[in-house]
Amino acid sequence: MNAAYSTDGQYIHPSILNADFLALGAELEKISTADSVHVDVMDNHFVPNLTFGASMVEQIVRRSAIPVDAHLMIEDADREAPVFAEAGASSVTFHLEATAAPIRLARELRRKNAQVGVALRPATPVEPLLDVIGEFDMLLIMTVEPGFGGQSFLETMLPKIRRARRAISAANLEVSIQVDGGVSRETIERCAEAGANVFVAGSAIYRAQNAADEISALRELASVHRAH
Ligand code: DX5
Ligand code: ZN
């Protein structure tokens, strides 16, 4: 399998949701030592907020030194998600709650050369997905209700991460687990211990004095506490 994410690797993905949108070029440069840039696409229907569309993602892809990880918080992912693979996103993550045929969509995105992630809102159980988890490169376990940056981490998601990691390892699969929402120096260790290996951090990185230093600090904490 051509997974860009190796489950042996740990990855820091800054979210630009809390960046200065009017200075996006410079904001992207600040995080060029990270593994990917996490771009939150919101349609004001699936979540009560509106951000970027596919043409903006295409511009970010062109400008960014690192790959683009698109997190789609949009309705009707079956119809809308492929456009983001065509825009050049290296990975495209859609919500399970917003698709009628997740496996068909995953296969279509892979045909368009994107890595594929499937995301779950906090109240969506992971168990129904576990039998088909090998269809995806990544499972995104939301650790806040999607929609806004700067919310507090939901501790109650840790057992869900642990159960998912256990099932993925038991099936001998190479599926990454991404956490998104409230990830910071205070919470990243617990996520890593529970079995997450891809860490999205928005406000922790963009509100820090120095984004590159924050990225290295998060990377260090994640690797000291990695699950094994
Ligand atoms: C929330 C988004 C996140 C958000 C995370 O719906 O999916 O990517 O930017 O921001 P922080 O790290 O501030 O919680
Ligand atoms: Zn996100």
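Just so it is clear, the model here is predicted, and its values are computed rather than measured. (Residues numbered from 1 in each chain as written. Chains lettered and ligands numbered in written order. Predicted model: local features only at pLDDT ≥ 70, side-chain atom pairs only at ≥ 80, totals over all residues. Heavy atoms only, no water.)

1. A look at the coordination of the zinc ion (ligand 2)
Surrounding the zinc ion (ligand 2) are the protein donor atoms His38 (NE2), Asp40 (OD), His71 (ND1) and Asp180 (OD), at 2.1 to 2.3 Å. The coordination sphere of the zinc ion (ligand 2) comprises six donor atoms, whose angles at the metal cover 71 to 171°; the geometry is octahedral. Site description for the zinc ion (ligand 2): donor spacing in sequence, H-x1-D-x30-H-x108-D. Here the residue His38 occupies a position in strand S2 (residues 37-42), and His71 occupies one in strand S3 (residues 68-73), the gap between them amounting to 33 residues. (Donors = N, O, S within 2.8 Å, 3.2 Å for Na, K, Ca; no water. Tetrahedral: all angles 85-135°; square planar, octahedral: opposite > 155°, others 65-115°. Helix = DSSP H or I, 4+ residues; strand = E, 2+ residues; numbered from the N terminus.)

2. Things to note about the nonpolar core
The biggest cluster of nonpolar side chains holds 71 residues, and the ones touching the most others in it are Ile16, Val39, Val92, Leu139 and Phe199. If we ignore the near neighbours within four places in the chain, the residues touching Phe199 are Gln10, Tyr11, Ile12, His13, Val179, Val183, Ile188, Cys191, Ala192 and Ala222. (Core = buried A, V, L, I, M, F, W, Y, C linked by side-chain atoms within 4.5 Å. Buried < 20%, exposed > 50% of the residue type's maximum accessible area, 1.4 Å probe, protein only. Contact = heavy atoms within 4.5 Å.)

3. Overview of helix H4 (residues 102-111)
Looking at H4, one finds that the buried residues are Pro102, Leu105, Ala106 and Leu109. End-on, the buried residues of H4 take up no more than an arc of 100°, which puts them together on one face. The outward face of H4, more than 90 degrees from its buried face, is lined by the exposed residues Arg104 and Arg111. In this structure, the buried side of H4 is in contact with helix H3 (77-86), strand S4 (91-95) and strand S5 (115-120). The first or second residue beyond H4 is Asn113, which carries a positive phi of 70°. (Arc of directions from axis to C-beta.)

4. A word on the sheet that holds strand S7 (residues 176-180)
Strand order in the open sheet formed by eight strands is S1-S8-S7-S6-S5-S4-S3-S2, with parallel pairing between adjacent strands. Lying at the two open borders of the sheet, with one neighbouring strand each, are strand S1 (11-14) and S2. Across the sheet, the axes of successive neighbouring strands diverge by a mean angle of 25°, strand direction being ignored. Where S5 and strand S6 (residues 138-142) come together, four bridges link them in parallel fashion. If you follow Val118 over to S6, its bridge partner there is Leu139. Running over the sheet, helix H9 (residues 211-224) touches S1 and strand S8 (198-201) and is turned about 145° from S1. (Pairing = 2+ DSSP bridges. Axes fitted to C-alpha atoms, helices over the stretch in contact; angles between N-to-C directions.)

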